[in-house]
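Each chain, written out:
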Amino acid sequence: MGGTGGCNSLLSNDVVPVPSGPPRKVEVEAVNSTAVKVSWRSPVPNKQHGQIRGYQVHYVRMENGEPKGQPMLKDIMLADAQWEYDDTTEHEMIISGLQPETTYSFTVTAYTTKGDGARSKPKLVSTTGAVPGKPRLVISHTQMNTALIQWHPPVETFGPLQGYRLKFGRKDMDTLTTMEFSEKEDHFTATDIHKGASYVFRLSARNKVGFGEEMVKEISVPEEVPSGFPQNLHSESSTSTSVQLTWQMPLLAERNGIITKYTILYRDINVAYQPVELPVVPADTTMTLSGLKPDTTYDVKVRAHTSKGPGPYSPSVQFRTLPVDQGR
C-alpha cells in the first residue's frame, strides 16, 4: 500500500481484504417451537478491513452431532445510515420456519464489498416442542341464562392432548372465570349468562409442552327489560320542601342490558290518588324531589329502564319532610 495520493485512494478498495475477524458475542436462543433469535456484534474494528455492508447467518439442522440436510442462509444488509465504525451496535435476527424439538447450528459472518469474512464459532440451539393448535369452539346461548360451550380437538396436537383450559366472562368486566378440563371432556354449560351483555370465551388445548393458542369466540345476548329493581333506595337529606334520594343500580344479573333511565313514583301518603312520576335522564342514581309539603310523609319507589322498557318498581320507602321552622 502506497501513500495517500489520489491514485492510490482510488485503488484502495481493490487491495482491502475481507474481514479477518468474526462477528463477536454471538448468542442464539429459542423463541418458540419454530423460531430462534440470533444476536451479535460487529468484528473488532482492526479486523473489519473496510466498510461492513451486512451480515449473513448460516444455519443447518443437526442430528447426533452431525449436520443434516441443506445448510441455509439469511442475509441482513445494512442501510447506508447503518454502516458502522462503531463496534458496540447489537444486531439481531429472528430465524423462523424451523422444525419443533430440533437442534440447529448457527454461525454469523460479516461482509464488505469484497465478500464474506471469518465465520463465528458454531452455536447450537434446540427449538422447543410445539404446543397444540387452536381447538374448534361452538357457543350456543340458551334461554335460561346459560350458554352451552362445545369443543373439538385441534387439527394439530403435536402429541397426545392432556386437557383444555377455558376462560370466559362478560366483556365489560376485567376478570374472567378460568376452568380446566380433561382431554376426554368436550362440553360445559356456563350459568349466570346475563341478558343484554356480551361474553367472551377463550379455549386452549394442552400437550406435554404446554397450552396452545386460544380459540376466541364472543356472543351477545339480546337486551330485555330489567328483571330486578334498583337497590337500597334511601334519603341523603331533606328540608321542609325537598328530599334528596339516592339508590343503586339493579343487581348485575337483573339489569338485562344498559340502564338508560330511571322513573321515580311518589305521593303524599294522605292522598291515595295522583302519584307523581318523574323520569331521571340520564340514568343518574340520585335525584332531589322538590316542591313538597312541609312536615309530610311521602311514599317513594323507583324503577330502571333499558332500551326495551321499564323493569319492576322497588318496594316503597317512606320519607318525611321537615316542619317549616326546621327547614329554613
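Residues numbered from 1 in each chain as written. Predicted model: local features only at pLDDT ≥ 70, side-chain atom pairs only at ≥ 80, totals over all residues. Heavy atoms only, no water.

## Re the overall build of the protein
Turning to step 1, where the next piece is worked out: The number of helices and strands found in the protein is three helices and 23 strands.
Turning to step 2, where the next piece is worked out: For the protein, the spread of C-alpha atoms along the principal axes amounts to about 115 × 60 × 25 Å.
Turning to step 3, where the next piece is worked out: For the protein, the proportion of its 328 residues judged to be buried stands at 36%.
Turning to step 4, where the next piece is worked out: In the protein, once contacts between residues fewer than 6 apart in sequence are set aside, the share between residues at least 24 apart is 63%.
Turning to step 5, where the next piece is worked out: Accessible surface for the protein amounts to roughly 18400 Å². Of this, 51% is attributable to carbon and sulfur atoms.
Turning to step 6, where the next piece is worked out: Counting 34 positive and 35 negative side-chain charges, the protein places the averaged centre of each group 2 Å from the other. (Helix = DSSP H or I, 4+ residues; strand = E, 2+ residues; numbered from the N terminus. Buried < 20%, exposed > 50% of the residue type's maximum accessible area, 1.4 Å probe, protein only. Contact = heavy atoms within 4.5 Å. Areas by Shrake-Rupley, 256 points an atom, 1.4 Å probe, with all protein chains shown as cover. Lys, Arg positive; Asp, Glu negative; His and termini not counted. Charge placed at Lys NZ, Arg CZ, Asp CG, Glu CD.)

## A short note on the sheet that holds strand β2 (residues 36–41)
Turning to step 1, where the next piece is worked out: If you walk across this open sheet you meet the three strands as β1-β2-β5, and the pairing is antiparallel. In the strand order of this sheet, the two ends are held by β1 (24–30) and β5 (90–95), each with one partner. Neighbour to neighbour, the strand axes of the sheet diverge by 15 degrees on average, direction disregarded.
Turning to step 2, where the next piece is worked out: For β2 and β5, the ladder comprises six bridges, and the chain directions are antiparallel. (Pairing = 2+ DSSP bridges. Axes fitted to C-alpha atoms, helices over the stretch in contact; angles between N-to-C directions.)

## Things to note about the environment of Tyr-55
Turning to step 1, where the next piece is worked out: Relative to the helices and strands, Tyr-55 is located in strand β3 (residues 54–63).
Turning to step 2, where the next piece is worked out: A C-alpha to C-alpha distance of 43 Å links Tyr-55 and Arg-165, two positions 110 residues apart in sequence.

## Section: the packing of aromatic side chains
Turning to step 1, where the next piece is worked out: This model, assessed by the stated rule, comprises nine aromatic pairs.
Turning to step 2, where the next piece is worked out: Between the aromatic rings of Trp-247 and Tyr-262, the centroid separation amounts to 5.5 Å while the plane-to-plane angle is 70 degrees, which identifies the pairing as edge-to-face. Highlighted residues: Trp-247 in strand β17 (residues 243–248) and Tyr-262 in strand β18 (residues 261–268), separated in sequence by 15 residues. Here Trp-247 matches Tyr-262 in class, with each residue buried. (Phe/Tyr/Trp six-rings, centres within 6.5 Å; stacked < 30°, edge-to-face > 60°.)

## Examining the pairing of β2
Turning to step 1, where the next piece is worked out: Direction of pairing for β1 relative to β2: antiparallel, over a ladder of five bridges. Of the residues in β2, the one forming a bridge with Ala-30 is Val-36.
Turning to step 2, where the next piece is worked out: Following β1, the chain reverses through five residues before pairing antiparallel with β2.

## With respect to the pattern of salt bridges
Turning to step 1, where the next piece is worked out: Across all of its chains, the model carries 14 salt bridges by this definition.
Turning to step 2, where the next piece is worked out: When the shortest N-O distance is used, the salt bridge between Glu-29 and Lys-37 registers 3.7 Å.
Turning to step 3, where the next piece is worked out: Residue class for Lys-37 comes out partly exposed when judged on its relative accessible area of 24%.
Turning to step 4, where the next piece is worked out: Shared partners join several salt bridges into a network, and the residues in it are Glu-29, Lys-37 and Glu-92. (Salt bridge = Lys/Arg side-chain N within 4 Å of Asp/Glu carboxyl O.)

## Description of the layout of surface pockets
Turning to step 1, where the next piece is worked out: Of the pockets and cavities examined, the largest pocket occupies roughly 150 Å³.
Turning to step 2, where the next piece is worked out: If you trace the largest pocket, you find 13 residues lining it, with Phe-168, Gly-169, Arg-170, Thr-177 and Tyr-199 closest to the centre.
Turning to step 3, where the next piece is worked out: Considering every element that reaches the lining of the largest pocket, the biggest residue donor is strand β11 (residues 163–170), with three residues.
Turning to step 4, where the next piece is worked out: Tallied by class, the residues present in the lining of the largest pocket amount to six nonpolar, five polar and two charged. (1 Å grid on protein atoms, 1.4 Å probe; cavity = no way out; pocket = protein on both sides within 12 Å on 5 of 7 lines; lining within 4 Å. Points joined across faces, edges and corners; volume = space filled by probe spheres on them. Nonpolar A, V, L, I, M, F, W, Y, C, P; charged D, E, K, R; others polar.)

## Focus: the environment of Gly-21
Turning to step 1, where the next piece is worked out: Within the element layout of this structure, Gly-21 appears in the loop between α1 (6–15) and β1.
Turning to step 2, where the next piece is worked out: Residue classification places Gly-21 among the buried positions, given a relative accessible area of 3%.
Turning to step 3, where the next piece is worked out: The sequence separation of Gly-21 and Pro-154 amounts to 133 residues, and the corresponding C-alpha distance is 49 Å.
Turning to step 4, where the next piece is worked out: Leaving out residues up to four positions away in the same chain, Gly-21 has contacts with Pro-43, Lys-47 and Ala-118.

## A few points about the domain arrangement of the protein
Turning to step 1, where the next piece is worked out: What the domain assignment lists for the protein is domain 1 (24–81 + 88–126), domain 2 (136–221) and domain 3 (234–320).
Turning to step 2, where the next piece is worked out: On a C-alpha basis, the centres of domain 1 and domain 2 stand 41 Å from each other. (Domains from an automatic or database assignment.)

## Thoughts on the side chain of Thr-107
Turning to step 1, where the next piece is worked out: Mapping Thr-107 onto the fold places it in strand β6 (residues 103–112).
Turning to step 2, where the next piece is worked out: With sequence-adjacent residues up to four places away left out, Thr-107 is seen in contact with Gln-56, Val-57, His-58, Arg-119, Ser-120, Lys-121 and Pro-122.

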